[in-house]
Amino acid sequence: MGRLIAILGDIHANLDALNVVLDDCREQGVTEYLCTGDVVGYCACPHECLEIIRNLGCPVVKGNHDHYVASQQSLEDFNPHAAAGVMWTRGQLNGEELAYLNDLPFTVTKMGLTLVHSTMDHPENFGYVFDNQQAETNFIRQKTPICFHGHTHCPMIYEKQMAGVYRIDPQDVVLRAGRKYFINVGSVGQPRDGDPRATYVIYEPLSRKVVYRRLNYDIAAAQARIREAGLPERLAERLSYGQ
Ligand code: ZN
């Protein structure tokens, strides 16, 4: 059997979602992993999720939550719930774990694929790509035909053709030669496109096929952990709605 690459990110310390995703990866015959960052923040199991991702031994890029948890920087750009999550997470991780997060690269290029959390346009600024114009500024700096990212928690495929940038619905798609793709893999731990199921992508290089996987998991269990940790109620609630 050929290579099957799972690309997962925005896990956000949601252990219940991550376990279901990794079970699915094994069932699907995934042979390698890539992680688009934001392993921690929002949910209640940062230590466990970090350990699992590190044990995969795969490339991981730095998300804004990973960055702010590790760097002790001011949180004035964060909304109050996200900031509360970052503050709480800082207290859960040991020095070695914080150093690991702090040392993560902003981008990784491997075998013709690029990995970034937000956009290749100044990745350290963590800008959001929600429209074709923002995707266009990414494509200017994207050197490989395919780049996987996350950050918005909304699955989407941007295709760069000669005439401009087009959006393709996040479903099973065969990528075409001679075009560039900027693929948002959605979020494992806190989806925001109105579908609360855990999301990740499987890419098969041989057939150039992209498959979005969406999986039910025990949302109530993840919510119970958030409430037990004393994190903001909103962080528990939003998991029910995928927003
Ligand atoms: Zn995120």
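Residues numbered from 1 in each chain as written. Predicted model: local features only at pLDDT ≥ 70, side-chain atom pairs only at ≥ 80, totals over all residues. Heavy atoms only, no water.

Chemist: It is not clear to me how the overall build of the protein should be interpreted in this structure. Could you clarify?
Modeler: Summing up its helical and strand segments, the protein has eight helices and eleven strands in all. What you see for the protein is a C-alpha radius of gyration of 17 Å, in line with the 18 Å of a compact globule of 243 residues. Seen through its C-alpha atoms, the protein measures out along the principal axes to roughly 50 × 40 × 35 Å. The proportion of buried residues among the 243 residues of the protein is 55%. Sequence-distant contacts in the protein: of pairs separated by 6 or more residues, those separated by 24 or more amount to 71%. As displayed, the protein offers around 10,300 Å² of accessible surface, 48% of which is attributable to carbon and sulfur atoms. Between the averaged position of the 23 positive side-chain charges in the protein and that of its 29 negative side-chain charges there is a distance of 7 Å. (Helix = DSSP H or I, 4+ residues; strand = E, 2+ residues; numbered from the N terminus. Rg over C-alpha atoms; globule rule 2.2 N^0.38 Å. Buried < 20%, exposed > 50% of the residue type's maximum accessible area, 1.4 Å probe, protein only. Contact = heavy atoms within 4.5 Å. Areas by Shrake-Rupley, 256 points an atom, 1.4 Å probe, with all protein chains shown as cover. Lys, Arg positive; Asp, Glu negative; His and termini not counted. Charge placed at Lys NZ, Arg CZ, Asp CG, Glu CD.)

Chemist: Explain the packing of aromatic side chains here, please?
Modeler: Here a ring pair, both rings aromatic, is described through the centre-centre distance and the interplanar angle of the planes. All chains considered together, the criterion is met by six aromatic pairs. Their ring planes at 10° and their centres at 6.1 Å tell us that Tyr 128 and Phe 130 sit as a pair that is stacked. Residue Tyr 128 is classed as partly exposed on the basis of its relative accessible area of 39%. Three or more aromatic residues link up through ring pairs in this structure, and these residues are Phe 139, Tyr 158 and Phe 182. Taking NZ or CZ as reference, Arg 54 lies 4.1 Å from the ring centre of Tyr 100, over its face. Of note, Arg 238 hangs over the ring of Tyr 42, and the distance from its end group to the ring centre comes to 5.7 Å. (Phe/Tyr/Trp six-rings, centres within 6.5 Å; stacked < 30°, edge-to-face > 60°. Lys NZ or Arg CZ within 6 Å of the ring centre and 35° of its normal.)

Chemist: How do you make sense of the sheet that holds strand E2 (residues 32-35) when you look at a structure like this?
Modeler: As summarised here, the arrangement of the five strands in space is E2-E1-E10-E11-E8, forming an open sheet in which the pairing is mixed. Sheet topology places E2 and strand E8 (173-174) at the edges, where each strand pairs with a single neighbour. Sheet contacts for helix H1 (residues 15-28): strand E1 (5-8), E2, strand E10 (198-204) and strand E11 (209-215); angle to E10, the most-contacted strand, approximately 25°. (Pairing = 2+ DSSP bridges. Axes fitted to C-alpha atoms, helices over the stretch in contact; angles between N-to-C directions.)

Chemist: What should I look at first to understand the pairing of E10 in this one?
Modeler: A regular strand carries its side chains on alternate faces of the sheet. Summarising burial for E10: six of the seven residues are buried, a large majority. Relative to E10, E1 runs antiparallel, the two being bridged by three bridges. Residue pairing in the sheet places Ala 6 in a bridge with Ile 202 of E10. Summarising the sheet, E10 and E11 pair through seven bridges and their orientation is antiparallel.

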